Amino acid sequence: MAGAYISKEQGNYRWYVLAILTIAQTCHGIDRAIIGLVLKPLGDEFSLSGEQLGILAGLAYGIPFAIAALPFGYAVDRFNRKNLMTLALGAWSGATALCGAATGFWTMLMGRAAVGVAEAGGSPTGMSLLSDYFGPDKRATAIGIWYLSTGIGTALAFFLGGWIVEFYGWRWAFVAAGIPGLMLAPLLFLTIREPKRGQQDAPSEEASGPFRQRAGELLGRPGIFFCIAAITCIATGIYGMSTWLATFLIDSHDLAISSAGMVVAIAYGILGSVGNLVAGWGTDRINAARGGFDPGLTALLGAIIPFLTAITGLAAVGASDTTLAIVLVFAAGIFSSSYNGPIYAVIVTIAGPQLRGLAVSFVQLSANLIGVGLGAWLIGRVADEVGGRDGVAWGIAAAMMFCVVGGILLLLAGLQIKKSQVARS
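Attention in this report is confined to the structure presented alongside it.

Quick notes on the rules
- Residues numbered from 1 in each chain as written.
- Predicted model: local features only at pLDDT ≥ 70, side-chain atom pairs only at ≥ 80, totals over all residues.
- Heavy atoms only, no water.
- Helix = DSSP H or I, 4+ residues; strand = E, 2+ residues; numbered from the N terminus.
- Rg over C-alpha atoms; globule rule 2.2 N^0.38 Å.
- Buried < 20%, exposed > 50% of the residue type's maximum accessible area, 1.4 Å probe, protein only.
- Contact = heavy atoms within 4.5 Å.
- Areas by Shrake-Rupley, 256 points an atom, 1.4 Å probe, with all protein chains shown as cover.
- Lys, Arg positive; Asp, Glu negative; His and termini not counted.
- Charge placed at Lys NZ, Arg CZ, Asp CG, Glu CD.
- Axes fitted to C-alpha atoms, helices over the stretch in contact; angles between N-to-C directions.
- Parallel < 35°, antiparallel > 145°, perpendicular 65-115°, else oblique.
- Nonpolar A, V, L, I, M, F, W, Y, C, P; charged D, E, K, R; others polar.
- Salt bridge = Lys/Arg side-chain N within 4 Å of Asp/Glu carboxyl O.
- Polar contact = N/O pair within 3.5 Å; in protein donor to acceptor, adjacent residues only side chain to side chain.
- 1 Å grid on protein atoms, 1.4 Å probe; cavity = no way out; pocket = protein on both sides within 12 Å on 5 of 7 lines; lining within 4 Å.
- Points joined across faces, edges and corners; volume = space filled by probe spheres on them.
- Left-handed = near helix turned anticlockwise from the far one by under 90°.
- Phe/Tyr/Trp six-rings, centres within 6.5 Å; stacked < 30°, edge-to-face > 60°.
- Lys NZ or Arg CZ within 6 Å of the ring centre and 35° of its normal.

This part is about the overall build of the protein. Scanning the protein for helices and strands turns up 17 helices and 0 strands. Taken over C-alpha atoms, the radius of gyration comes to 20 Å for the protein, in line with the 22 Å a tight globule of 425 residues would show. For the protein, the residues scored as buried account for 60% of the 425 residues in total. A separation threshold of at least 6 residues defines the contact pool for the protein, and within that pool the share at least 24 residues apart is 86%. Counting only carbon and sulfur atoms, one obtains 68% of the accessible surface of the protein, whose full area is about 16,100 Å². Distance between charge centres in the protein, computed from 25 positive and 23 negative side chains, equals 11 Å.

If you want it as structure tokens, here you go:
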């Protein structure tokens, strides 16, 4: 039954699982984010345009990720997830390290594509495992903690990476980014146990049948489509901004690459992690005070966050004073990804144990194909069109509009879920 009794030993072990999976996802964050730090030296060495850099940062990663997402989602719902996670972690870490050997645009593109394919297995596998260790009452908190990995990974990529680039060059930054995952993969394989599917959820009808039938059933559940579309739009804005932010600070405010990396590390690393943790914990507290997890209310609360992200992001790139711009970047960092805990908790709860892997894979497919791919490319394209020192600033401003659309879609998701709840009562 849902929220089945958990012994003290099992309770302690699930927090260990959460820690290991969070570290693994941190490696995911490092390996995805490191390209954003090196766009400037990479473009200078290979004589690349802003659009080409946007392709390397976005489409070269996002399209292969999207292609691999659904097969991984299918596998997550059927096969041993611990083994899948181990293979994916080792593969994306190795591919990241090999990006340091790139000789030009096309070899870097192939390296980024390999990272994208392997990283497609990270989120659906990790979230499926966590959902079988944490019940609905703790799920937003657990996912919020797990998503600290995004901030921590970005912080490590931009903070340590900035130092490595400045003293050793951009190639060694890729090598250093790949090493932690290669070291963690054996520990994950040897110490994580595969849990029983659905052990934290109430009994539900088992989803079966061909892919089209399963996909139709998933997308027909209230709020799911709007949540997926919302995350896609929000990803366009926040991934695009985080990828190009260091270049914006270098171009528009004349910061050194190490200083720009430090600002991004604090904004999207430290402060982004705080935002993630507070949003996940706060959502569970609000739901507990109201008698249990309410996906409709949670979606409505989550809708506030992308609006705040857009407001602070637009203000940051529009500020002429460097100090004010950095303060506003910090504010945008707090809000940037704090929607993850609440909204993913809505998705995995409504999807149920038999469709979780597919649900998260749909999110990852759309968010990476359109969001990650389009966001980084869009900013590079606008920067080329506008030109000058503020070209990237205009690109980021354009990307922030997608966060506004994401907030509207989350409002629609919450209202649709509330309507279905009323209809069932």
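From this point, the discussion proceeds with the structure in view.
The subject of this paragraph is unusual backbone geometry. Backbone geometry at Ser-47 places phi at a positive 55 degrees, although glycine is not the residue there. If you trace the backbone, Ser-47 turns up in the loop between helix H2 (39-46) and helix H3 (50-76). Take Ser-47: its relative accessible area is 62%, and that puts it in the exposed class. At Asp-254, a position not held by glycine, the phi torsion is positive, near 60 degrees. For Asp-254, the location among the structural elements is in the loop between helix H11 (224-253) and helix H12 (257-289).

The next subject is the packing of H12 against helix H15 (residues 340-351). Packing of H12 against H15 leaves a shortest axis separation of 7 Å and a crossing angle of 50 degrees. The angle between the axes of H12 and H15 places the two elements in the oblique class. Of H15, the residues touching H12 (which contributes Asn-276, Ala-279, Gly-280 and Thr-283) are Asn-340, Gly-341 and Pro-342. Taken together, the residues that form the contact of H12 with H15 break down as 2 nonpolar, 5 polar and no charged.

We now examine the pattern of salt bridges. According to the stated counting rule, one finds 8 salt bridges in the structure shown. When the shortest N-O distance is used, the salt bridge between Arg-81 and Glu-194 registers 2.8 Å. Of the two residues, Arg-81 is situated in helix H4 (residues 81-98) and Glu-194 in the loop between helix H9 (170-191) and helix H10 (211-219); the sequence distance between them amounts to 113 residues. Judged by relative accessible area, which is 29%, Glu-194 ranks as partly exposed. With its nearest N and O atoms 2.8 Å apart, the salt bridge here joins Lys-418 to Asp-294. Of this pair, Lys-418 sits in helix H17 (residues 391-424) while Asp-294 sits in the loop between H12 and helix H13 (295-318); the two residues are 124 residues apart in sequence, bridging distant segments of the chain. By relative accessible area, which is 15% here, Asp-294 ends up buried. Connected through shared salt-bridge partners, Glu-51, Arg-381 and Glu-385 make up one network.

Attention now moves to the side chain of Asp-294. Reaching out from Asp-294, the side chain makes a polar contact with the side chain of Lys-418 at a distance of 2.8 Å. Among residues more than four places away in sequence, those in contact with Asp-294 are Asn-287, Lys-418 and Gln-421.

Moving on, we come to empty space enclosed by the protein. Applying the stated criterion to the full structure yields 1 cavity of 30 Å³ or more. The space that makes up the largest cavity amounts to roughly 480 Å³. In terms of lining, the largest cavity is formed by 29 residues, of which the most central are Arg-32, Tyr-147, Thr-150, Ile-238 and Tyr-239. Elements with a contribution of two residues or more to the lining of the largest cavity: helix H1 (8-37), helix H8 (148-168), H11, H15 and helix H16 (356-386). Looking at the lining of the largest cavity element by element, the count peaks at 7 residues for H1.

This part is about the packing of H13 against H17. H17 packs onto H13 with a crossing angle of 170 degrees between their chain directions and a minimal axis gap of 8 Å. It follows that H13 is roughly antiparallel to H17 by the angle criterion. Two packed elements cross with a definite hand, and for H13 against H17 that hand is left-handed. Of the residues contributing to the contact of H13 with H17, the split by class is 23 nonpolar, 8 polar and 1 charged.

Let's shift gears to the packing of aromatic side chains. Under the counting rule described, the total for this entry stands at 10 aromatic pairs. Note on Trp-170 and Phe-174: the rings are 6.0 Å apart at their centroids and 85 degrees apart in plane angle, and the pair reads as edge-to-face. Of this pair, Trp-170 and Phe-174 both sit in helix H9, separated by 4 residues, roughly a single helical turn. Its end group placed over the ring of Phe-189, Lys-82 keeps NZ or CZ at 4.6 Å from the ring centre.

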